[in-house]
Amino acid sequence: MDDADLLRSLGVNPATLAPAPAAVRTADARQRFGRPCSTCGAEAISTGTVDLPQGSFWLDSCRDHMLEAFRLRAGRWPAAGDAFAVLREAAAEAGVALTVITDREAG
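Residue positions are given per chain, counted from 1 along the sequence in the order it is written. Selection of residues for local features in this predicted model requires a pLDDT of at least 70, selection of side-chain atom pairs for listing and counting requires 80 or more, and totals for whole chains, interfaces and linings are taken over all residues. Processing note: side-chain calculations cover all non-hydrogen atoms of the structure and skip hydrogens and water entirely.

### Overview of the overall build of the protein
Then step 1. A helix here means a DSSP run of H or I that spans at least four residues, while a strand means a run of E at least two residues long, and both kinds are numbered starting from the N terminus. Scanning the protein for helices and strands turns up 4 helices and 2 strands.
Then step 2. Listing the helices and strands of the protein from first to last along the sequence gives α-α-β-β-α-α.
Then step 3. Three exposure classes are used, based on accessible area relative to the maximum for each residue type with a 1.4 Å probe and protein chains only: buried under 20%, partly exposed in between, and exposed over 50%. Relative to its 107 residues, the protein shows a buried fraction of 28%.
Then step 4. We call two residues in contact when some of their heavy atoms are within 4.5 Å. A separation of at least 24 residues holds for 46% of the contacts in the protein among residues at least 6 apart in sequence.
Then step 5. Reported accessibility uses the Shrake-Rupley method at a 1.4 Å probe radius. Residues are deemed covered only where the shown protein chains occlude them. Looking at the protein as shown, the accessible area adds up to about 7,100 Å², and 51% of this sits on carbon and sulfur atoms.

### Topic: the pairing of strand S2 (residues 55-61)
Then step 1. Buried residues dominate S2, accounting for 6 of its 7 residues.
Then step 2. In this structure, strand S1 (residues 46-52) lies alongside S2, joined through 7 bridges in antiparallel fashion. Counted as the bridge partner of Thr47 is Asp60 from S2.
Then step 3. Between any two strands, at least two bridges found by DSSP are needed for them to pair. Between S1 and S2, which follow one another and run antiparallel, lie 2 residues.

### Some points on the nonpolar core
A general tendency of soluble globular proteins is for nonpolar side chains to be buried together.
Then step 1. Within this scheme, the nonpolar core is defined by two criteria: the residues are buried Ala, Val, Leu, Ile, Met, Phe, Trp, Tyr or Cys, and they are joined through side-chain atoms within 4.5 Å. Formed by Leu6, Leu7, Leu10, Val12, Leu17, Val50, Leu52, Phe57, Leu59, Ala69 and Leu72, the largest nonpolar core amounts to 11 residues.
Then step 2. For this core, the secondary-structure elements that each account for two or more residues are helix H1 (3-10), S1, S2 and helix H3 (63-74).
Then step 3. Ranked by the residues each element gives to this core, the list is headed by H1, at 3 residues.
Then step 4. Once residues within four sequence positions are removed from consideration, Leu59 is found in contact with Leu6, Leu7, Leu10, Val12, Leu17, Ser38, Ser46, Thr47, Gly48, Thr49 and Val50.

Here it is, written out as structure tokens:
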């Protein structure tokens, strides 16, 4: 699924997205947290960029729409064993270091 398809699936009008720099730094992304979700307007907890023919744009997401974007990009919801792989891939794509800590007692 390309970024234009992702936006269509989420119901996001590309004309409403803010331009993003070609090379995003972590500090740039952090400044976007708390903005309205590009899909529903709720408080965003995640941000990323989408590449369209007219350039790069910010896609700010609340929890639910961040997870929906992961699902859409993967083409399915990950099975329980695949969830960490999806998170690692998303972190690598975003250029973010990720350490997953689990509580084996809690399951």
